[in-house]
Number of protein chains: 2
Amino acid sequence: MYRDAHVGEAPVGGAAFALPASCAGCPVRSSAICCVLDDSGLTALSRLGRRVTLAAGETLLWEGEEAVTVGNVLSGMLKLSTLTGDGREQIVGIVHPSDFIGRPFGKDSPHSATALTDTTLCVFGRAAFDRFAREHAVIGQALLERTLTELDRARHWMLLLGRKSACERVASLIVEIADRADDGPAIDLPLSRQQMGDILGLTIETVSRSLTRLKRAGIIALPSLRRIAINRPGELRAIAEG
Amino acid sequence: MYRDAHVGEAPVGGAAFALPASCAGCPVRSSAICCVLDDSGLTALSRLGRRVTLAAGETLLWEGEEAVTVGNVLSGMLKLSTLTGDGREQIVGIVHPSDFIGRPFGKDSPHSATALTDTTLCVFGRAAFDRFAREHAVIGQALLERTLTELDRARHWMLLLGRKSACERVASLIVEIADRADDGPAIDLPLSRQQMGDILGLTIETVSRSLTRLKRAGIIALPSLRRIAINRPGELRAIAEG
DNA sequence: CGGATTTTTGATAGCAATCAACAGCGGTGG
DNA sequence: CCACCGCTGTTGATTGCTATCAAAAATCCG
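Criteria and cut-off values
- Residues numbered from 1 in each chain as written.
- Chains lettered and ligands numbered in written order.
- Predicted model: local features only at pLDDT ≥ 70, side-chain atom pairs only at ≥ 80, totals over all residues.
- Heavy atoms only, no water.
- Pairing = 2+ DSSP bridges.
- Helix = DSSP H or I, 4+ residues; strand = E, 2+ residues; numbered from the N terminus.
- Axes fitted to C-alpha atoms, helices over the stretch in contact; angles between N-to-C directions.
- Contact = heavy atoms within 4.5 Å.
- Least-squares fit on C-alpha atoms with pLDDT ≥ 70 in both.
- Disulfide = S-S within 2.5 Å.
- Buried < 20%, exposed > 50% of the residue type's maximum accessible area, 1.4 Å probe, protein only.
- Parallel < 35°, antiparallel > 145°, perpendicular 65-115°, else oblique.
- Nonpolar A, V, L, I, M, F, W, Y, C, P; charged D, E, K, R; others polar.
- Arc of directions from axis to C-beta.
- Near = heavy atom within 4 Å.
- Polar contact = N/O pair within 3.5 Å; in protein donor to acceptor, adjacent residues only side chain to side chain.
- Domains from an automatic or database assignment.
- Buried area = accessible area lost by both parts, 1.4 Å probe.
- Salt bridge = Lys/Arg side-chain N within 4 Å of Asp/Glu carboxyl O.

Attention now goes to the sheet that holds strand E9 (residues 186-188) of chain A. Residues and elements named next belong to chain A. In space, the 3 strands of this open sheet follow the order E9-E11-E10, with antiparallel pairing throughout. Each edge of the open sheet carries a strand with a single partner, namely E9 and strand E10 (220-224). Across the sheet, the mean angle separating the axes of adjacent strands is 30° when strand polarity is ignored. In terms of strand pairing, E10 meets strand E11 (residues 227-230) through 3 bridges, oriented antiparallel. Bridging from a neighbouring strand, Ala221 pairs with Ala229 of E11. Seen against the sheet, helix H5 (residues 166-181) touches E9, E10 and E11 and runs at an angle of roughly 90° to E9.

Moving on: the relation of the copies chain A and chain B. Least-squares fitting of chain A to chain B yields an RMSD of 0.0 Å, with the superposition described by an axial translation of 0.0 Å and a rotation of 180°. What the superposition gives is, in effect, a two-fold axis relating one chain to the other. Here 100% of the interface residues in chain A have copies in chain B that are interface residues too; the copies meet face to matching face.

Before going further, it helps to spend a moment on the state of the cysteines. Residue and element names in this part refer to chain A. In the structure shown here, the tally under the stated rule is 0 disulfides over all chains. Its sulfur unpaired, Cys23 is 6.3 Å from the next cysteine sulfur, which belongs to Cys34. Cys34 takes part in no disulfide bond, and the closest cysteine sulfur to it belongs to Cys26, at a distance of 6.1 Å.

This next bit is on unusual backbone geometry. The backbone phi angle of Phe105(A) is positive, close to 60°, even though this residue is not glycine. Residue class for Phe105(A) comes out buried when judged on its relative accessible area of 13%. Non-glycine residue Ser98(B) carries a positive phi angle of around 80°. If you trace the backbone, Ser98(B) turns up in the loop between strand E5 (89-95) and strand E6 (100-101). Among the residues examined, Ser98(B) registers a relative accessible area of 14% and is labelled buried.

This part covers the packing of helix H4 (residues 137-163) of chain A against H5(A). Relative orientation and spacing of two packed helices are given, respectively, by the angle between their axes and the distance between those axes. Residues and elements named next belong to chain A. Orientation of H4 relative to H5, taken along the N-to-C sense of each, is 155°, at an axis distance of 9 Å. As far as their axial angle goes, H5 and H4 are roughly antiparallel. Contact residues: H4 offers Arg153, Trp157, Leu160, Leu161 and Arg163, while H5 offers Glu168, Arg169, Ser172, Leu173 and Glu176. Split by residue class, the contact of H4 with H5 holds 4 nonpolar, 1 polar and 5 charged.

Residues and elements named next belong to chain B. Restricting attention to buried positions, one finds in helix H3 (residues 126-135) the residues Arg126, Phe129, Asp130, Phe132 and Ala133. The buried residues of H3 occupy one face: seen down the axis, they fall within an arc of 165°. Of the exposed residues in H3, the ones pointing more than 90 degrees away from its buried face are Arg131, Arg134 and Glu135. Of the surrounding elements, those touching the buried residues of H3 are helix H2 (39-48), strand E3 (69-75), E6, strand E8 (119-125) and helix H4 (137-163).

We now examine the protein's contact with DNA strand D. Residues in contact with DNA strand D amount to 17 residues; listed here are only the nearest, Arg193(A), Ser208(A), Thr212(A), Ala166(B) and Thr206(B). Looking at DNA strand D alone, sugar and phosphate atoms form 65% of those within 4 Å of the protein. Thr212(A) is positioned with one of its side-chain polar atoms (N or O) 2.7 Å from a phosphate oxygen of DNA strand D. Ala166(B) is positioned with one of its backbone polar atoms (N or O) 2.7 Å from a phosphate oxygen of DNA strand D. Residue assignment for the surface near DNA strand D shows that the elements contributing at least two residues are helix H7 (204-216) of chain A together with helix H7 (204-216) of chain B.

This paragraph deals with the domain arrangement of chain A. Residues and elements named next belong to chain A. Per the domain assignment, the segments making up chain A are domain 1 (3-157) and domain 2 (164-240). Between the C-alpha centres of domain 1 and domain 2 the distance comes to 29 Å. Between domain 1 and domain 2, the residue contacts involve 9 residues of the former and 10 residues of the latter. Summing both partners gives a buried area of about 940 Å² for domain 1 against domain 2, and 61% of it is carried by carbon and sulfur. Summed over the three residues of domain 1 that lose the most area to domain 2, namely Ile91, His96 and Trp157, the buried surface amounts to 48% of that side. Linking domain 1 with domain 2 are 0 salt bridges. Our count for the contact surface shared by domain 1 and domain 2 stands at 5 residue pairs in polar contact (both at pLDDT 80 or more). Those elements that place two or more of their residues in the side of domain 1 that touches domain 2 are strand E5 (89-95) and H4. Looking at the side of domain 1 that touches domain 2 residue by residue, the class counts come to 5 nonpolar, 2 polar and 2 charged.

All right, on to the protein's contact with DNA strand C then. Surrounding DNA strand C, one finds 16 residues, the nearest of these being Ala166(A), Thr206(A), Arg193(B), Ser208(B) and Thr212(B). Sugar and phosphate atoms represent 66% of those atoms of DNA strand C found within 4 Å of the protein. At 3.1 Å, a side-chain N or O of Glu205(A) approaches a base nitrogen of DNA strand C. Take Arg209(B): an N or O atom from its side chain is 3.0 Å from a base nitrogen of DNA strand C. Residue assignment for the surface near DNA strand C shows that the elements contributing at least two residues are H7 of chain A together with H7 of chain B. If one sorts the elements of the surface near DNA strand C by residue count, H7(B) sits on top with 4 residues.

Right, let's get into the sheet that holds E5(B). Spatial strand order, E2-E7-E4-E5 (chain B): 4 strands in an open sheet with antiparallel pairing. Only two strands of the sheet have a single neighbouring strand rather than two, namely strand E2 (59-61) and E5 of chain B. Neighbouring strand axes in the sheet, compared pairwise and without regard to direction, differ in orientation by 30° on average. Bridge analysis of E2(B) against strand E7 (residues 112-115) of chain B gives 2 bridges, and the strand direction is antiparallel. In the sheet register, Thr59(B) faces E7(B), and the bridge partner there is Thr114(B). H4(A) rests against strand E4 (78-83) and E5 of chain B of the sheet, and its axis sits at about 135° to E5(B).

Below you can see the structure in the form of structure tokens.
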């Protein structure tokens, strides 16, 4: 379906700057996992990394294939997804800028990672990163805290997938996106109906119908296709909670 | 619904044995997270721990409450579960002997932990354990690997909850239990129909009907209520994959 | 054995999937 | 400029699966 990602720029690193040149302008320097490193650690890690760009639709990791890369998302957004034997898709996570992506300490990738928008990443070879993480406990610690948070999130989503109605699922997704964006009463939808369905375990028709019902109830408005205005946040949250 | 767990035995530890007395007879000494510690580390950790017993049905951690304890399961089995606002339950994980339980580095417990059978644990105060883990990188590393595996498992389960039919879900659960037990063609079901439903996001009636269908198809047999014989593992797996 | 609980089976209803048609939007080219 | 086409999203009709409600059967336990 998608072709492999192409490498954007040449490997970075080289001389041991107090702050690596490649990191100085990094858009997620203060929030990505490497923010816990001191200058010498950052310099060492930057020698292992290189920038990669993906166009929307390109896949960085394939489910079941050997997971050779890990890294940080600098800009853009990716989906993590798995397929049933007959091709039904479920999105199991969305990866945002400053999030870590990939599966350290494991041979095969348990799911695919595909760019939803044009994306830039700072990637490392998994083996080299694993070694680095074992030698720099502070990275392991940071990775642990992020992984624990991701696990909480995944388990919380299991409640949605296992027990919530279509409307409750859609309301939950809107609340989640609104909480993350936090920019006023209207939010930009970065997802197509198909992608919303794949996240929520629903078909596009059911997503659309649920949105229409929330709109007709006056709880939200849909000023444009990719925009949602939340008129009654309290009611929306109440529906989302189930 | 359930009352708080009661403390089983007095705190353990004391003199710095080469191997702590309390750990010498530990049933999961070679497989729990502490197996990565050397004798001095084990001695230090054992000073923080105490044994706790839970009767089936008792709850160790409550969703949303402050998570004051973490620990290892020595024997028995627990469920991790969350509730919707109106009381629908979803089991988000099963914890077995030698598994780690609790949420280090976080204030509140994201889900409840309730004993499915009589259970014994070796528990630590969370704050003390967090401090210990930060000082002993090897524990943090081991915790990270376990957490990554749990995250993979949770995400794989999201595919089941989001996209699989009732029969596929039941087949998947049987396959998973069979793989873990790995004791011949017939497996002991450690779960009631209600618990199976809460794990699979189904009602008890639908679980029962799915089992009947698999039985009528000759793929499994149900020699007793809590026992399943797998007649055609290949077909069962094919159904489970979706 | 008897009563409580769990499980199975049956009948029905409701929700979401499926199949199908239509509307809105953007881009292309005549 | 506007007709046409492809794509995404909405709406409608119908089907099918699972939940719900109800009752019978099996199992457990004293």
